[in-house]
Amino acid sequence: MRILGIDPGTGILGFGVVDVINNKYQLVTAGVISTPAHTPLEDRLLEIYNGLTEIIKETKPNVCSIEKLYFARNITTAISVAEARGVAMLTAKQNNIPIAEYTPLQIKQSLTGYGRADKKQIQEMVKLQLNLSQVPKPDDAADALAAAITHAMMDCVV
């Protein structure tokens, strides 16, 4: 199974593609789609759409695992991230890719066994699960890989 993990964001959207072979995880690719600040939102969303379309075309994932939103403070940020998340989900759906959604708590628990794990702990577990020599950078790519690994660990059928 090939899983596309997505850490949604308007300025930086993280993506990570992982293969699951015999219950082992293998990194295919990871990175970010960055959009320039002070660019009209519709242009940023189009850039995210085009970038994800290309990633899907190149990697041919079987499923998309995307982080659910949790924002307690900044509603403006939450709205723009939700819009980017919607574009990511639409892009997957247009390519007939099933979508699985996980909360930050579910991702932390599945990777570390602890729902209040910090970013460094998550990144270390991503590194260990993928047998990498160093933590994937930038953080958004590591978060997307964590979403992909979570789906593999949940062994979900969407």
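Residues numbered from 1 in each chain as written. Predicted model: local features only at pLDDT ≥ 70, side-chain atom pairs only at ≥ 80, totals over all residues. Heavy atoms only, no water.

Caption draft 1: Looking closely at the layout of surface pockets. Space inside the largest pocket adds up to approximately 580 Å³. Looking at the largest pocket, it is lined by 23 residues, and the ones nearest its centre are Asp7, Glu67, Pro104, Lys119 and Asp143. When residues of the lining of the largest pocket are traced back to their parent elements, those giving at least two are α2 (75-94), α3 (104-112), α4 (119-129) and α5 (139-154). For the lining of the largest pocket, the element with the most residues is α3, which contributes four residues. Here the residues of the lining of the largest pocket are counted per class, giving 11 nonpolar, five polar and seven charged. (1 Å grid on protein atoms, 1.4 Å probe; cavity = no way out; pocket = protein on both sides within 12 Å on 5 of 7 lines; lining within 4 Å. Points joined across faces, edges and corners; volume = space filled by probe spheres on them. Helix = DSSP H or I, 4+ residues; strand = E, 2+ residues; numbered from the N terminus. Nonpolar A, V, L, I, M, F, W, Y, C, P; charged D, E, K, R; others polar.)

Caption draft 2: View of the pattern of salt bridges. Within this structure, the stated rule accounts for five salt bridges. Ionic pairing is found between aspartate 19 and arginine 2, a salt bridge with its closest N-O pair at 2.6 Å. Pair noted here: aspartate 19 is in strand β2 (residues 12-21) and arginine 2 is in strand β1 (residues 2-7), with a separation of 17 residues, a long-range link. Of the charged contacts in the structure, one is a salt bridge between glutamate 124 and lysine 127, with a shortest N-O distance of 3.6 Å. Of this pair, glutamate 124 and lysine 127 both sit in helix α4, three residues apart, which is roughly one turn of the helix. (Salt bridge = Lys/Arg side-chain N within 4 Å of Asp/Glu carboxyl O.)

Caption draft 3: Geometry of the pairing of β2. With respect to burial, β2 is a largely interior element, eight of its 10 residues being buried. Direction of pairing for β1 relative to β2: antiparallel, over a ladder of six bridges. What sits directly across from glycine 5, in β2, is glycine 16. Between β1 and β2, which pair antiparallel and follow one another directly, the connecting turn spans four residues. (Buried < 20%, exposed > 50% of the residue type's maximum accessible area, 1.4 Å probe, protein only. Pairing = 2+ DSSP bridges.)

Caption draft 4: Local environment of the nonpolar core. Judged by nonpolar contacts, the single largest core of 19 residues is most densely connected at Tyr25, Val126 and Leu130. Contributions of two or more residues to this core are made by β2, β5 (99-102), α3, α4 and α5. When residues in this core are grouped by element, the largest group, six residues, is from α5. The contacts of tyrosine 25, once residues within four sequence positions are left out, are Val18, Asp19, Val20, Gln129, Leu130, Ile149, Ala152 and Met153. Listed in part, the 18 residues of the second largest apolar core include Leu4, Val17, Ile48 and Val87. (Core = buried A, V, L, I, M, F, W, Y, C linked by side-chain atoms within 4.5 Å. Contact = heavy atoms within 4.5 Å.)

Caption draft 5: Inspection of the side chain of threonine 59 at higher detail. You can see threonine 59 is positioned in helix α1 (residues 41-59). Residue classification places threonine 59 among the buried residues on the basis of a relative accessible area of 7%.

Caption draft 6: Structural detail: the sheet that holds strand β3 (residues 24-34). Pairing within the open sheet is mixed, and its five strands lie in the order β3-β2-β1-β4-β5. Each edge of the open sheet is held by one strand with a lone partner, namely β3 and β5. Between one strand and the next, the sheet's axes are offset by a mean angle of 20°, whatever the strand orientation. Sheet analysis places β2 next to β3, joined by 10 bridges and oriented antiparallel. Each residue of the ladder has a partner; that of valine 20, found in β3, is tyrosine 25. (Axes fitted to C-alpha atoms, helices over the stretch in contact; angles between N-to-C directions.)

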